[in-house]
Amino acid sequence: MKNIGIPFKTFTLKSAKLSVCMALLAIAFAMVPLASHAATYYVSPSGNDTTGTGANSSPWKTISNATGLMSAGDTLILKSGTYYTTSNSLCENILSPPSGTSGAYTTVKAETNFGAIIDGQNFTEYTSCPYPVYINNKSYIRIEGIKIVNNSSETALRIANSSYVKVLRTSIKNGARYDATYGNVVVIDSGSHHVLLEDAWVTGVMRYGVQVSGFDGTGANKIIFRRVVVRWDYTASNQPKAAFSFYGSVPPLTDPTVSDVICQNCIAIDTNPGTTYYAQYGGFINNKYTLNNKYYGSMAINIITSGTDTISTGFHLGSNESTLTTGNAVINSLVWDVSGSGIIAYGGDPAGTTLVDGVTVGNASKGVSNSGSTLFTVKNSLFYNTTSANSGITTSDYNWYSNASQAQGTNSSTSTVNISRITETPDAGTGEAGAKMGAFIKYRYGVSETLWDETGFDQLTTEPLFPWPYEAQIKADFSETNDPPSGSYPATNDTKRGFCADGMRLSTYIQNYLNKANVSTWPATPSQNVLRAP
């Protein structure tokens, strides 16, 4: 035998056993599949589903094809352009990604914010192609920077039976069919929890712009709307309507099917004025049985409408269809220029509570009106130029009235009110325990991108609210010509009204609302105000 240069002593019994063990380990490792790594794919209106590989240089063409090839934790980048669905049967561009995991969200995002546009034509509710964005029985999903337009179904973005979903930086225009009876643009539906809609805006046709729905008794809870702007334009529906709706269970159901929902710095603004409305409720409404839903730093501004069963209020808490509603609250929020009362309530649990704390109401028929049976507390609030006195209040304490004849309760103030900014009460802190009387909306509520139960989700931060993020894009989207189809009401739609008028922008329109007629005297647009990220 040829000597290969290895000493014989190497081949001992001990070394032989070690060699066998190492061989067995190698076999074992070979049998364990390698951990999969999240992939990033691309789609483009000019791509190709047949020859494309999903790479940046070779994108697929349709969203449906791309999401069908994704795995949990993958990322899909939507290149700029418009994604059309040519027929309901083909449904090429429905966005319905797979679930992710708690450690790796499945993400779908526009390569450029608002550059990826999903056209909603040819979607039809209750078909296999129902909504442009449909998340059903999913979890751990992020959607970022998309725009939805021209939807032909009753809802543009629907989340049902899903959890841990974040929808960020989203624009929706005409997100519901104009003659849909229940044309609710964004719906967080029964069975959902831990859902966030942040830095989003809705305009055009709608019944409700944003809705949490739990009327079938299944329940929806721990939902956050953060910095969402809704402007109501028109519809043909004869159903009750508003910018935001928390729609609970319908009697005889007794479960609180919409509970623990919060609006942080949300805005209902510049509703299309008209005199032929049917059931225009106004800015924010809690329908049926709702529990522990709260508004922080939110605003209802310039909601002037009239018509049959139209109340046009800022915040509508509770419903005369439920005697169980309780725990709802409006805190550090603003109502200015509404046709009806600033805040109203019906029904409610006789042993329950409703709270109004640190609110400013100006130019309304009444500050607060409660015709329900819930225990209603109003404190640390400012009422300016209201036609009638508050009514139905159980406890009224530390409130400021510009009309001394309307003062009520204890520790009230009737000193002269000199307001320069409707978002910032002039009170220095003469309310309960040094609190300000009236709203002081200057900072953001909630740490950006946090879900309910995540650190900072319910904090009042020190980050300035103004300039409003993405306000240049909001104004551009809201200002586009959008004429109502025949049969809609109102019959006309001036898309350049309110903050969309020439020379205006959302931040200074709100902050200088009392001087909006003198826009030429406003300060120049700051450079950071063109497109400000959160």
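A short tour of the structure in this document, coming up. (Residues numbered from 1 in each chain as written. Predicted model: local features only at pLDDT ≥ 70, side-chain atom pairs only at ≥ 80, totals over all residues. Heavy atoms only, no water.)

## Comments concerning the state of the cysteines
Across all of its chains, the model carries one disulfide by this definition. Across the disulfide from Cys-91 sits Cys-129; the S-S distance is 2.1 Å. In this structure the cystine formed by Cys-91 and Cys-129 twists about its S-S bond by roughly 85 degrees; its chirality is therefore right-handed. Taken together, the residues span a long stretch of sequence, with Cys-91 in the loop between β3 (81–83) and β4 (106–110) and Cys-129 in the loop between β5 (116–119) and β6 (133–136) at a distance of 38 residues. The class of Cys-91 is buried, set by a relative accessible area of 9%. For Cys-129, a relative accessible area of 0% translates into the label buried. Unpaired in terms of disulfides, Cys-263 finds its nearest cysteine sulfur in Cys-266, a separation of 3.8 Å. (Disulfide = S-S within 2.5 Å. Helix = DSSP H or I, 4+ residues; strand = E, 2+ residues; numbered from the N terminus. Buried < 20%, exposed > 50% of the residue type's maximum accessible area, 1.4 Å probe, protein only.)

## A look at the environment of Asp-309
Checked against the element boundaries, Asp-309 lands in the loop between β23 (305–308) and β24 (313–317). The class of Asp-309 is partly exposed, set by a relative accessible area of 43%. Between the C-alpha atom of Asp-309 and that of Tyr-281, which follows or precedes it by 28 residues, the distance is 8.4 Å.

## What about the packing of aromatic side chains?
As enumerated under the stated definition, the model contains 23 aromatic pairs in all. Note on Phe-114 and Trp-201: the rings are 5.0 Å apart at their centroids and 55 degrees apart in plane angle, and the pair reads as tilted. Separated by 87 residues along the polypeptide, Phe-114 in the loop between β4 and β5 and Trp-201 in strand β12 (residues 193–205) bring together distant segments of the chain. The exposure class assigned to Trp-201 is buried, which follows from its relative accessible area of 1%. Look at Tyr-131 and Tyr-134: their rings are 5.1 Å apart centre to centre, the planes differ by 75 degrees, and that puts the pair in the edge-to-face class. Judged by its relative accessible area of 22%, Tyr-134 is partly exposed. Here a set of aromatic residues connected by ring pairs shows up, and it is made of Phe-225, Phe-244, Phe-246, Phe-284, Tyr-295 and Phe-315. Lying across the ring of Tyr-105, Lys-166 places its NZ or CZ 5.6 Å from the centre. Seen from the ring of Phe-440, Lys-436 lies directly overhead, with NZ or CZ sitting 4.9 Å from the centre. (Phe/Tyr/Trp six-rings, centres within 6.5 Å; stacked < 30°, edge-to-face > 60°. Lys NZ or Arg CZ within 6 Å of the ring centre and 35° of its normal.)

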